[in-house]
Amino acid sequence: MHRLLQRLHEENKLVDIIYEAHNGTITQRTIQIIKLEATYITAFCYLRNTNRTFKIENMLSVFPHKKIRKIS
């Protein structure tokens, strides 16, 4: 997972994550990675519209963001 996060960060791509908070709440978020460390990342979170820190061990799933096109 860390390798994928590193690649997405280097390519300046948006990332979709499924994240489990310390209280057990699970959310899906779109983030833009700002800083990648060994055990956590700092990222802009589009769900909360602010910078947040995420523990990598609490990320249940990580994948490149896919823009959904609306059908008219």
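Residues numbered from 1 in each chain as written. Predicted model: local features only at pLDDT ≥ 70, side-chain atom pairs only at ≥ 80, totals over all residues. Heavy atoms only, no water.

We now examine the nonpolar core. L5, V15, I17, I31, I41, F54 and M59 are the most contacted members of the largest nonpolar core, which totals 15 residues. If we ignore the near neighbours within four places in the chain, the residues touching M59 are M1, L5, I17, I18, Y19, I41 and F54. (Core = buried A, V, L, I, M, F, W, Y, C linked by side-chain atoms within 4.5 Å. Buried < 20%, exposed > 50% of the residue type's maximum accessible area, 1.4 Å probe, protein only. Contact = heavy atoms within 4.5 Å.)

For the coordinates displayed, the defined rule picks out two aromatic pairs. Between the aromatic rings of F44 and Y46, the centroid separation amounts to 4.8 Å while the plane-to-plane angle is 80°, which identifies the pairing as edge-to-face. Look at F44 and you get partly exposed, because its relative accessible area is 24%. (Phe/Tyr/Trp six-rings, centres within 6.5 Å; stacked < 30°, edge-to-face > 60°.)

Another aspect to go through is the pattern of salt bridges. Using the criterion set out here, one finds two salt bridges in the structure. A salt bridge links E11 to R7; the nearest nitrogen and oxygen atoms lie 3.5 Å apart. A relative accessible area of 40% means that E11 is categorised as partly exposed. Between K35 and E37 there is a salt bridge; the shortest N-O distance is 3.4 Å. The class for K35 is partly exposed, based on a relative accessible area of 42%. Overall, the relative accessible area of 28% leaves E37 in the partly exposed class. (Salt bridge = Lys/Arg side-chain N within 4 Å of Asp/Glu carboxyl O.)

Below, the discussion takes up the pairing of strand 3 (residues 40-45). Inspection of the sheet shows strand 2 (residues 26-36) paired to strand 3 by five bridges, in the antiparallel sense. When the sheet's bridge partners are listed, K35 is paired in strand 3 with T42. The loop that links strand 2 with its antiparallel partner strand 3 comprises three residues. In this structure, strand 3 lies alongside strand 4 (residues 50-55), joined through six bridges in antiparallel fashion. Paired with C45 across the bridge in strand 4 is T50. (Pairing = 2+ DSSP bridges. Helix = DSSP H or I, 4+ residues; strand = E, 2+ residues; numbered from the N terminus.)

Pairing within the open sheet is antiparallel, and its five strands lie in the order 4-3-2-1-5. Across the chains shown, the open sheet's two edge strands, defined by having one partner strand only, are strand 4 and strand 5 (59-64). Sheet twist, expressed as the average angle between the axes of neighbouring strands with direction ignored, equals 40°. The strands touched by helix 1 (residues 2-10) within the sheet are strand 1 (14-20), strand 2 and strand 5, with strand 2 carrying the most contacts at an inclination of about 65°. (Axes fitted to C-alpha atoms, helices over the stretch in contact; angles between N-to-C directions.)

Honestly, it's all geometry; don't read function into it.
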